[in-house]
Amino acid sequence: MALQHHLLTLLIFVPLLAALVLLLLPARLAGLGRWLALAGTGLQLALALVVWIGFQSGITAPAGVFAAAGFQFVEKYNWFHLPLGELGYLSADYFLGVDGLSASLVLLAALVMFLGAISSWTITQNQKGYFALYLLLSSTVLGCFVALDLLLFYLFFEFMLLPMYFLIGMWGGPRRAYASIKFFLYTFGGSLFILLAIIGLYISGIDPEATAAMADLPLEQLQLSLQRGALESRDMVHSFNMLHLMDVDNLIPGSMLSLRGGGELWGYSARLLAFLALLIGFLVKLPAAPLHTWLPDAHVEAPTPISVVLAAILLKIGGYGLLRLPYSLIPEGGIYFAPLVAGIGVFSILYGAFNALAQSDLKKLIAYSSVSHMGYVLLGLAALTVEGVSGALYQMFSHGLISAALFLIAGVLYDRTHDRLIENYSGLAQRMPGFTVVVTLVFFASLGLPGFSGFIAEVLVFFGAFRSPSANGLLPYWMVIVATLGLLLTAAYYLWTLQRMFFGKFFVRRPEWEVALQDLSPREWGMLLPLLAGILLLGLFPNLLLDSFSPAVETFVQEMLSRGRSNLVLLTRFI
Amino acid sequence: METTTPQIASLDTVLQQILQDLPLLLPELALSAGALLAILGALILPRQWRHQGLAALSLLAIGGALYLLLKGGLPAEPQYLLGRTLQLDHLAMAFRLLVLLSGGLAVLFSVRQHKALFAEYYALLLGLLVAANLMPMASNLLLIYLSVETASICAYLLTAFSGGRQGAEAGLKYLLFGAVASAIMLYGMSLLYGFTGTLDITAYAFKSGLLSLNIPVLPVLLAALLVLAGFLFKISIVPFHLWAPDAYQGAPLPIAALFSTAPKLAGLALLLRFLSHFMESGLIFAGLRFDWQLILGALAIASMLIGNLAAVWQQDVRRLLAYSSIAHSGLLLAGVLVFRELGYKALLFYSAIYLLMNFAAFILVSILKAETGGYLLNDYKGLGSRLPLTSVLVVVVMVALTGLPPTAGFTAKLFLFSALWEGYSSGGSKMLLYLLLTGIATSVVALFYYLKIPYYLYMKKAPEGMQLLATGGRVWERVLASLLCGLLLVFFFKADWVMNWINAFTIR
């Protein structure tokens, strides 16, 4: 068997396999769990690197996004094919592939999962369960980024919640039960909106290739006869294939979510409502204020490695999902709701930053800073300019590294003292110089100092957003100007925290902490250094990342604008 | 009366007719024979063998019925049996099959339940199955009433079988509610008979009688609603659901599991048949501007809301499952109301998966009861690490009941929601959209209470010095539960296996 043709499958199933092995181990060998987790995620990272290196990038590379031909490492097999009588057939595919939008996130996810496995070394309670769930989580997370079939995507998207629920609920802090249930309910609630839109989409659309085979028509004529209404409903093959559903010519005329003669609900265009449903679903995951309230609880109560995974990857699934589902599937929604999306982004930036400023718990501060930073993703995306969308993607990768480092930092402190209150520490620089250097660098990176990855991301986002009013007229200037206030607030809360905790006279609340507060251990260095190196590298050589997604982003923006505008014309009766 | 004339044929022809039709009713005959033998066996079998012997006999009867049903094959055209009192079509066949499966599972579940169950237990169980098997076929008001009533009487007695005050109380409550419901239904039927002069709902006279301009509108609607009330009682749809929590709590667990499936599914089939005759004669009701979807849809929505919201407050797992089954009834009713091909397919799919989920849930409750001695959520604290397999199975079932992937519970909801969407978007009533939205919104509530069980298992600490009563015992039930959970997972990945089975049935 040629393994190189199944790279993505391996990427998903290697950790799952490790989890199965772990579950079959006898209880006395449960201590091997962490090694298995390390091996499983390590192998996954190696595979992700193979994918990254093999991924064709640069201007000449195929773009992907809307065209199946542009995806790389594609695997496609039929999952099921059901006759539904009058309604035709329903088929779902096991369809994986990588394009510019997902390649970098695949690498990020594998890297963070691996570092999380190292960070999990300190877990002592019920190791077998923990590491099995952790491995399961890394399978589903990777699956989310490479699935190109809506049903498959939804499977990974939902299945992720279950391990996460147990990981927070069983190994978390004192209020873990509340936090884990809240996390589960919020994200499940959000994902039901997504499910609703998925159902609407697959019923409204067909898979032209399969239908052509079924109806015995040449593929070229199929869309034409579909749009003329010449196709029998019994012959249509409905599928969950995202890429087919992105093409409005594959939507059945007169069906609910079709463009021509599309349906309405309560006087609103069903397509725009479907966009909103998908938007809400992913905004919960991202999260954007005011749908973010699960995040501070989940982050604070989760054990360190799980906070890391949550912040660095799970939030990115929200951002990635926005690009792949609502925007790509219903482009006119991206145009029509651009001010709304940007507005939510700006609100998140400011709301998150103000909240961070008010926190007394270090982990909560970091959690709110995540809300604020994810706001930039929304702002860049809403602008629909090449710079803006690149900035959003860059911000996702950069925040993945930075937030992972931030939560590891909070973990370093918590491991030593079991306390995270900012006011309980002062002058830590004197006892923990190495740690202080790392913290300072990561804080600077997060507040967007030049030379770090965060700077590139934010510059791109603001560039894109400022260009939007003149380039495509989607966003008003004032919105972008208000958003810049976020930069100031971010600097304020980070610098203030740095000053309160690390500089000044040495002080800790309890005398026994003085002994406990040792500088970083080699294991901790081992986790933080690669992240720091990544942050710096991406701050100095943005092309490392930009190259991988530039063709995809260009196509994305171009097509979004042209498709979105022409689609919107057909929906004018609603506007 | 015109319809009674053909039936006053010579006795000879009638007998001939009956003999001709009997081969098609062999499954019911096998069950009836099993029930009689069970009563006889109780007298003959020595005490130490009685329970196993009767269980084996019942299994044999159900297995035989299943075999005969499958061997008989599907009728190409709807057939009318026993002087047009029964209508044998694909709808009836599909639901007979489901009823038999649920009966088989109930017997398998009962095998290791109570050592001292009375002999009548199995006889009554088989009796209930005969009635539940006739319900999907009944097309004559008299037979509808008879089958519903037979099922109910068996059910009242079975409820009280757990003995003690609680069993008696549950049985009595069920009996009181049930008696009122059946009286109401009977009254409605008598009105319908009065209006039309026939008991045969498939007859032309039935339709033309209702169409007739001599009859005022309101009484017809009232009569139809009174009859429907009887069916809805069996399906435990709000506001006819009040018996369910008490009956589930008081009845032996296999019987509670059976209640949540066999009579409910049979009742759904009955409802579907009854409504389809009214829908066929939809003209009248369009003329009256009377919308079945509207009123039944409202009840389905109420069931989803009340069932799910009430379940949140339950401490007793049996009551929780009872309210959850009320909520699922709402979803199943929504499937009926689509009145389109995809709706029927989704309904059958949901019914089949629901059957597996509910039996698995009750079997696990039984295992946990054997281990902890209780049915309260509080009794489950910290069991996750002590009973790893059982707890994992509980998680799988709860995930399936919530409708999350990777379980067939998700697929079932996906099809049901798809059917509602498709029904609405191809020009259906707006009610379908509201049903869909309610179904989706209440799923979040459902997640909350279903998750409570894993939450108690894994995230609460066991009280000091808690002892498990029978660690390692109950192997049989564990095997059964694992099997059902396995199927729930397999049918997610291979939904086509279930769907291909369903596609064999054409329901209109």
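Parameters and conventions
Residues numbered from 1 in each chain as written. Chains lettered and ligands numbered in written order. Predicted model: local features only at pLDDT ≥ 70, side-chain atom pairs only at ≥ 80, totals over all residues. Heavy atoms only, no water. Helix = DSSP H or I, 4+ residues; strand = E, 2+ residues; numbered from the N terminus. Rg over C-alpha atoms; globule rule 2.2 N^0.38 Å. Buried < 20%, exposed > 50% of the residue type's maximum accessible area, 1.4 Å probe, protein only. Contact = heavy atoms within 4.5 Å. Lys, Arg positive; Asp, Glu negative; His and termini not counted. Charge placed at Lys NZ, Arg CZ, Asp CG, Glu CD. UniProt positions renumbered as here; feature names shortened; annotations may be inferred. Core = buried A, V, L, I, M, F, W, Y, C linked by side-chain atoms within 4.5 Å. Domains from an automatic or database assignment. Pairing = 2+ DSSP bridges. Buried area = accessible area lost by both parts, 1.4 Å probe. Salt bridge = Lys/Arg side-chain N within 4 Å of Asp/Glu carboxyl O. Polar contact = N/O pair within 3.5 Å; in protein donor to acceptor, adjacent residues only side chain to side chain. Axes fitted to C-alpha atoms, helices over the stretch in contact; angles between N-to-C directions. Parallel < 35°, antiparallel > 145°, perpendicular 65-115°, else oblique. Left-handed = near helix turned anticlockwise from the far one by under 90°. Phe/Tyr/Trp six-rings, centres within 6.5 Å; stacked < 30°, edge-to-face > 60°. Lys NZ or Arg CZ within 6 Å of the ring centre and 35° of its normal. Nonpolar A, V, L, I, M, F, W, Y, C, P; charged D, E, K, R; others polar. Arc of directions from axis to C-beta. pLDDT = per-residue confidence, 0-100.

## Here's the deal with the overall build of chain A
The helix and strand tally for chain A stands at 23 helices and seven strands. In terms of overall size, chain A behaves like a compact globule, its C-alpha atoms giving a radius of gyration of 24 Å where 575 residues would be expected to give roughly 25 Å. The dimensions of chain A, computed from C-alpha atoms along their principal axes, are 80 × 60 × 45 Å. By residue count, 67% of the 575 residues in chain A fall in the buried class. When contacts within chain A are restricted to residue pairs at least 6 apart in sequence, those whose partners lie at least 24 apart make up 79%. Averaging the coordinates of the 28 positive side-chain charges in chain A and doing the same for the 31 negative ones gives two points 11 Å apart.

## Focus on the UniProt feature "domain: NADH:quinone oxidoreductase/Mrp antiporter transmembrane" (unreviewed entry) in chain A
Under the UniProt annotation, the feature "domain: NADH:quinone oxidoreductase/Mrp antiporter transmembrane" (unreviewed entry) is placed at residues 147-470 of chain A. Secondary structure within residues 147-470 of chain A divides into 73% helix and 3% strand; the distance between the first and last C-alpha atoms comes to 36 Å.

## Concerning the nonpolar core
In this structure, A:Val141, A:Leu379, A:Phe556 and B:Leu435 are the most contacted members of the largest nonpolar core, which totals 433 residues. Ranked by residues supplied to this core, first place goes to helix 16 (residues 341-372) of chain B with 22 residues. Structurally, this core is a two-domain feature, drawing no fewer than three residues from each of domain 1 (1-180 + 243-290) and domain 2 (291-508) of chain B. If we ignore the near neighbours within four places in the chain, the residues touching A:Val141 are A:Ala109, A:Met160, A:Ile313, A:Leu314 and A:Ile317. Grouped together as the second largest cluster of nonpolar side chains are eight residues, A:Ile206, A:Ala212, A:Leu226 and A:Met236 included.

## Notes on the pairing of strand 2 (residues 89-98) of chain A
Residue and element names in this part refer to chain A. Along strand 2, nine of the 10 residues are buried, which leaves the element largely enclosed by surrounding structure. With nine bridges connecting them, strand 1 (residues 72-83) and strand 2 associate as antiparallel partners. Bridging across to strand 2, Tyr77 finds its partner in Tyr94. Between strand 1 and strand 2, which pair antiparallel in sequence order, lie five residues; one of them, Gly85, sits at a positive phi of approximately 70 degrees. Inspection of the sheet shows strand 2 paired to strand 3 (residues 237-239) by three bridges, in the parallel sense. Its bridge partner lying in strand 3, Tyr89 is registered against Val237.

## Quick notes on the domain arrangement of chain B
All names here are of chain B. When cut into domains, chain B gives domain 1 (1-180 + 243-290) and domain 2 (291-508). Domain 1 puts 39 residues into the contact, and the matching count from domain 2 is 41 residues. In total, about 3,700 Å² of surface goes out of reach between domain 1 and domain 2, with carbon and sulfur atoms giving 78% of it. Taken together, the links from domain 1 to domain 2 amount to one salt bridge. Across the salt bridge formed by Asp246 and Arg319, the nearest N and O atoms sit 3.1 Å from each other. Remark: the boundary between domain 1 and domain 2 carries 12 residue pairs in polar contact (both at pLDDT 80 or more). Secondary-structure elements contributing two or more residues to the side of domain 1 that touches domain 2 are helix 4 (90-110), helix 10 (243-250), helix 11 (253-259) and helix 12 (262-280).

## Observations regarding the packing of helix 14 (residues 292-312) of chain B against helix 15 (residues 317-337) of chain B
All names here are of chain B. Relative orientation of the contacting elements helix 14 and helix 15 amounts to 155 degrees, with a least axis distance of 8 Å. Viewed along their axes, helix 14 and helix 15 adopt a mutual orientation that is roughly antiparallel. Note on packing geometry: the crossing formed by helix 14 with helix 15 is left-handed. For the pair helix 14 and helix 15, the contacting residues are Gln293, Leu296, Gly297, Ala300, Ser303, Met304, Gly307, Asn308, Ala310 and Ala311 in the first and Leu320, Tyr323, Ser324, Ile326, Ala327, Gly330, Leu331, Leu333, Ala334 and Leu337 in the second.

## Comments concerning the packing of aromatic side chains
This structure, assessed with the given rule, holds 44 aromatic pairs over all chains. Through pairs of rings, three or more aromatic residues link up here, namely B:Tyr156, B:Tyr174, B:Phe233, B:Trp243, B:Tyr248, B:Phe259 and B:Phe362. When the ring centre of A:Phe66 is taken as reference, the NZ or CZ atom of A:Arg563 above it lies at 4.2 Å. Its end group placed over the ring of B:Tyr375, B:Arg318 keeps NZ or CZ at 3.5 Å from the ring centre.

## Overview of the interface of chain A and chain B
Between chain A and chain B, the residue contacts involve 40 residues of the former and 43 residues of the latter. In this assembly, chain A packs against chain B so that about 3,800 Å² is buried in total across both faces, 80% of it on carbon and sulfur atoms. Counting the contacts that link chain A with chain B gives zero salt bridges. Here chain A is connected to chain B by five residue pairs in polar contact (both at pLDDT 80 or more). A total of 15 residues in the side of chain A that touches chain B trace back to one element, the largest contributor, which is helix 7 (residues 176-204) of chain A. Its residues placed into classes, the side of chain A that touches chain B shows 31 nonpolar, five polar and four charged.

## Things to note about the sheet that holds strand 2 of chain A
Residues and elements named next belong to chain A. Strand order in the open sheet made by the three strands is 1-2-3, with mixed pairing throughout. The open sheet has two edge strands, strand 1 and strand 3, and neither has a second partner. When the angles between neighbouring strand axes are averaged without regard to direction, this sheet yields 25 degrees.

## Considerations on the side chain of A:Gln359
Residues and elements named next belong to chain A. Position of Gln359 relative to the elements: it lies in the loop between helix 15 (338-358) and helix 16 (362-383). Side-chain polar atoms of Gln359 contact the backbone oxygen of Asn355, separated by 3.0 Å. Once residues within four sequence positions are removed from consideration, Gln359 is found in contact with Lys364, Leu365, Tyr368, Ile422 and Arg500.

## With respect to the side chain of B:Asp496
By secondary structure assignment, the location of B:Asp496 is in helix 21 (residues 495-503). According to the relative accessible area criterion, B:Asp496 is buried, its value standing at 12%. If near-sequence neighbours (up to four positions away) are discounted, B:Asp496 is found in contact with A:Phe80 and A:Leu82.

## Quick notes on the pattern of salt bridges
The final tally for this structure, using the stated rule, is 22 salt bridges over all chains. The partner of A:Arg431 in a salt bridge is A:Glu514, with the nearest N and O atoms 4.0 Å apart. Taken together, the positions of A:Arg431 in the loop between strand 6 (425-426) and helix 18 (433-447) and A:Glu514 in helix 21 (residues 513-516) put the pair 83 residues apart, joining distant regions of the chain. Taking relative accessible area as the criterion, A:Arg431 reaches 37% and is therefore assigned partly exposed. Two residues, B:Asp316 and B:Arg318, come together in a salt bridge whose shortest N-O distance is 3.0 Å. Considered together, B:Asp316 and B:Arg318 belong to a single accessibility category, that of buried residues. Each of B:Glu169, B:Lys173, B:Asp246 and B:Arg319 takes part in one network of salt bridges that share partners.

## Overview of the environment of B:Leu272
Residues and elements named next belong to chain B. Tracing the sequence through the fold places Leu272 in helix 12. Overall, the relative accessible area of 3% leaves Leu272 in the buried class. Along the primary structure Leu272 and Leu480 are separated by 208 residues, whereas in three dimensions their C-alpha atoms are 32 Å apart. Ignoring sequence-local partners within four residues, the contact set of Leu272 consists of Leu91, Val336, Tyr344 and Leu347.

## Examining helix 21 of chain B
Taken as a whole, helix 21 of chain B has its buried residues at B:Ala495, B:Asp496, B:Val498, B:Met499 and B:Ile502. The buried residues of helix 21 of chain B occupy an angular sector of 160 degrees when the element is viewed end-on, so they sit on one face. Buried residues belonging to helix 21 of chain B abut strand 1 of chain A together with helix 16, helix 18 (408-425) and helix 20 (475-493) of chain B.

## Examining the packing of helix 2 (residues 26-44) of chain B against helix 3 (residues 47-72) of chain B
All names here are of chain B. Contact pair helix 2 / helix 3: the axes reach a minimum separation of 8 Å and the direction vectors enclose 170 degrees. The angle between helix 2 and helix 3 places the two elements in the roughly antiparallel class. Residues Leu26, Pro27, Ala30, Leu31, Gly34, Leu37, Ala38, Gly41 and Ala42 of helix 2 pack against Arg50, Leu54, Leu57, Ala61, Ile62, Ala65, Leu68 and Leu69 of helix 3.

## A look at the environment of A:Pro62
Residues and elements named next belong to chain A. Mapped onto the secondary structure, Pro62 falls in the loop between helix 2 (33-54) and strand 1. Here the alpha-carbon distance between Pro62 and Ala18, two residues 44 residues apart in the chain, equals 34 Å. When sequence neighbours within four positions are dropped, the list of residues in contact with Pro62 reads Gln56, Gly70 and Gln72.

## Concerning the confidence of the model for chain B
Residues and elements named next belong to chain B. When pLDDT is averaged along chain B, the result is 87; 93% of the residues meet or exceed 70. Looking at the elements of chain B, mean pLDDT is at its lowest for helix 13 (residues 282-287), recorded as 46, and at its highest for helix 15, recorded as 94. A low-confidence stretch, residues 1-5 (pLDDT under 50), is modelled with six contacts involving residues beyond four sequence positions or located in other chains. Confidence drops under pLDDT 50 across residues 282-287; counting only partners more than four residues distant or on other chains, this segment forms six contacts.

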